[in-house]
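The residues making up each chain are set out below.
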Amino acid sequence: MPGLTELLREWVPRQRWFAGKGREVREVTVLEATELTVGDPGLHHLVIGVGHDAEPGFPGPGTVDRYQLLLGTRAELPGRLEYAEIGRLGGRHIYDAVHDPELTRTLLTGMAGNADTGPLRLRTVPGQEIETDLVSLASPAEQSNSSLIFGDVYICKLFRRITPGTNPDLELNLGLTRVGCEHIPALHGWAETDLDGEPTTLAMLSEFLRTATDGWRLAATSVRDLYAEVDLHADEVGGDFASEAERLGAVTAAVHRDLARAFGVSRLPVDDVRTMAEDMHRRLDETVLAVPELEPYAAMIGAVFDDLAKHEVDLPVQRIHGDYHLGQVMRTERGWMLLDFEGEPLHTLAERRTPSHPLRDVAGMLRSFEYASRHLLAGQTQVAPEVGEQLEVRAREWAERNRAAFCRGYAEGGGPDPSAHEVLLRAFEYDKAVYEVLYEARNRPSWLHIPLSSFRHSVV
Ligand SMILES: Nc1ncnc2c1ncn2[C@@H]1O[C@H](COP(=O)(O)OP(=O)(O)O)[C@@H](O)[C@H]1O
Ligand SMILES: O=P(O)(O)O[C@H]1O[C@H](CO)[C@@H](O[C@H]2O[C@H](CO)[C@@H](O)[C@H](O)[C@H]2O)[C@H](O)[C@H]1O
């Protein structure tokens, strides 16, 4: 399909979920095409390969990433779908079908009926039922994947970049469902195919938390309140977040306990702790090559990883969330709920499935408090220097207060006490901040200042 691959070569790199930002796309190939709806409109499921040349500094043949697409085709494209058009082919309009509720219902009916369509398998979670008479809306909160909200009842997450194997999000949600975890949305169904001979997750259908607000939005509102009252301390303004942070800490500890029950706990021998520290060093070196702005802090960061390498006892490790931040937690009337157990999108599936110490998640959330406190500072360039300094002080106060509250809640909720594991926690925080430097440089360069300023002020 040469015409189609040329269209996709233009379109794919512009999508929010495209993981290869900043890297030249060499070619796009269609690896698998399945017709899901015949007629007009028509629906095709595609697995495509996106070929990249090797990155500067990384000699080698380059890489091919695989993504899934839902392509709609119509002879006439209604105005409401024009924004989703990818291009025209053989007199028909080709468009991103996640925006077409007439087509997306096929996913619900397929999962409800445990359908096998060509290489695709759609499934209902045992013991659940799936309503099919619902209209979908593509979620505006698109990040690494695309989500469809069906009638405020379900949210269907379509994993965009796919790697062979069960996606940890599905795997961990199934395990947590099995042990009766109360802090995740109910799981209803999933879709999969085989990639390189391995069952590979394509989509996941969960309860839609209709009344929920995500933690990032709540925290950002609290920070905004504080900045509006620069003379007041974090505990004196209306939107103080600390009690929510403390409750979130306790829920985090409960989910870690459930993950341990579902998947077990093992011990990481001291030698492997050293290897973990070496891996952190390696990621630091790679990131310095890709983002030279990190270079001035490299020695300081490396010293923290060296401290971890001196660790003298085995570490208890287990499955964890893996990409824990305020955007992954939602406050509902049933308390905090955790989402998106997929792990860090820049890491390989094997890395993401490797058991780790639960304080890695704690470190992720502590970094997120840092982000929440600082993301508004970049927009404050117009203020007088003394106000800017005051805001900087307030940002640090807010982050400190909420970090402490979260850690207190986590320890009181039965998790390993963060204050008793300073070296480990610091190494995890630095490692995450290094990851963020690469993530921001590739995806959101205007936010690169956040992890860099944390290093500048040595607050990680
Ligand atoms: N069960 C749910 N109920 C309500 N909103 C949800 C649910 N799952 C995800 N969301 C919304 O979609 C966003 C992205 O979901 P997430 O699973 O984190 O996908 P991604 O991997 O793309 O980041 C979340 O931040 C949240 O706003
Ligand atoms: O898309 P995901 O949610 O899986 O996670 C990725 O994107 C996140 C950005 O949205 C990124 O998180 C970083 O930004 C957050 C604010 O937007 C902040 O709260 C986090 O602390 C910070 O790491 C995450 O790292 C990345 O994997």
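To keep things clear, this report deals only with the structure shown in the data block. (Residues numbered from 1 in each chain as written. Chains lettered and ligands numbered in written order. Predicted model: local features only at pLDDT ≥ 70, side-chain atom pairs only at ≥ 80, totals over all residues. Heavy atoms only, no water.)

## Notes on the sheet that holds strand 14 (residues 213–214)
And then number 1: The strand order across the open sheet formed by three strands is 14-17-18, and the pairing between neighbours is antiparallel. Both outer strands of the open sheet, strand 14 and strand 18 (335–338), are each paired with one neighbouring strand and no more.
And then number 2: Where strand 17 (residues 329–332) meets strand 18, four bridges bridge the pair, whose relative direction is antiparallel. Opposite M330, over in strand 18, you have M337 as the bridge partner. (Pairing = 2+ DSSP bridges. Helix = DSSP H or I, 4+ residues; strand = E, 2+ residues; numbered from the N terminus.)

## Structural notes on the layout of surface pockets
Take a probe with the size of a water molecule and roll it over the atoms, and the empty space left behind shows itself.
And then number 1: Considering only enclosed or pocket space, the largest pocket measures out at about 1,400 Å³ in volume.
And then number 2: Lining the largest pocket are 49 residues, and of these A141, Q143, G327, Q328 and D340 sit closest to its centre.
And then number 3: Among the secondary structure elements, those contributing two or more residues to the lining of the largest pocket are strand 9 (146–150), strand 10 (154–158), helix 3 (168–178), strand 13 (198–207), strand 14, helix 4 (215–228), helix 9 (359–374) and helix 11 (422–443).
And then number 4: Residue contributions to the lining of the largest pocket peak at five residues, all from helix 11.
And then number 5: Of the volumes computed, that of the second largest pocket is approximately 1,100 Å³.
And then number 6: Along the wall of the second largest pocket there are 50 residues; nearest its centre are R161, P345, L346, H347 and R442.
And then number 7: Among the elements of the structure, strand 3 (63–74), strand 11 (161–162), strand 13, helix 6 (270–290), helix 8 (349–353) and helix 11 are those that each provide at least two residues to the lining of the second largest pocket.
And then number 8: Counting residues per element, the lining of the second largest pocket draws most heavily on helix 11, which supplies seven residues.
And then number 9: Broken down by class, the residue content of the lining of the second largest pocket amounts to 18 nonpolar, 16 polar and 16 charged.
And then number 10: Among the domains, domain 1 (4–207) and domain 2 (213–459) are the pair contributing at least three residues each to the lining of the second largest pocket. (1 Å grid on protein atoms, 1.4 Å probe; cavity = no way out; pocket = protein on both sides within 12 Å on 5 of 7 lines; lining within 4 Å. Points joined across faces, edges and corners; volume = space filled by probe spheres on them. Nonpolar A, V, L, I, M, F, W, Y, C, P; charged D, E, K, R; others polar. Domains from an automatic or database assignment.)

## Regarding the sheet that holds strand 12 (residues 187–195)
And then number 1: Spatial strand order, 6-7-12-13-10-9-8: seven strands in an open sheet with antiparallel pairing. Across the chains shown, the open sheet's two edge strands, defined by having one partner strand only, are strand 6 (116–117) and strand 8 (136–138).
And then number 2: Each of strand 7 (120–124), strand 8, strand 9, strand 10, strand 12 and strand 13 is contacted by helix 2 (residues 101–112), which is oriented at about 70° to strand 7, the strand it contacts most.
And then number 3: Helix 3 contacts strand 10, strand 12 and strand 13 of the sheet and is inclined by roughly 140° relative to strand 12. (Contact = heavy atoms within 4.5 Å. Axes fitted to C-alpha atoms, helices over the stretch in contact; angles between N-to-C directions.)

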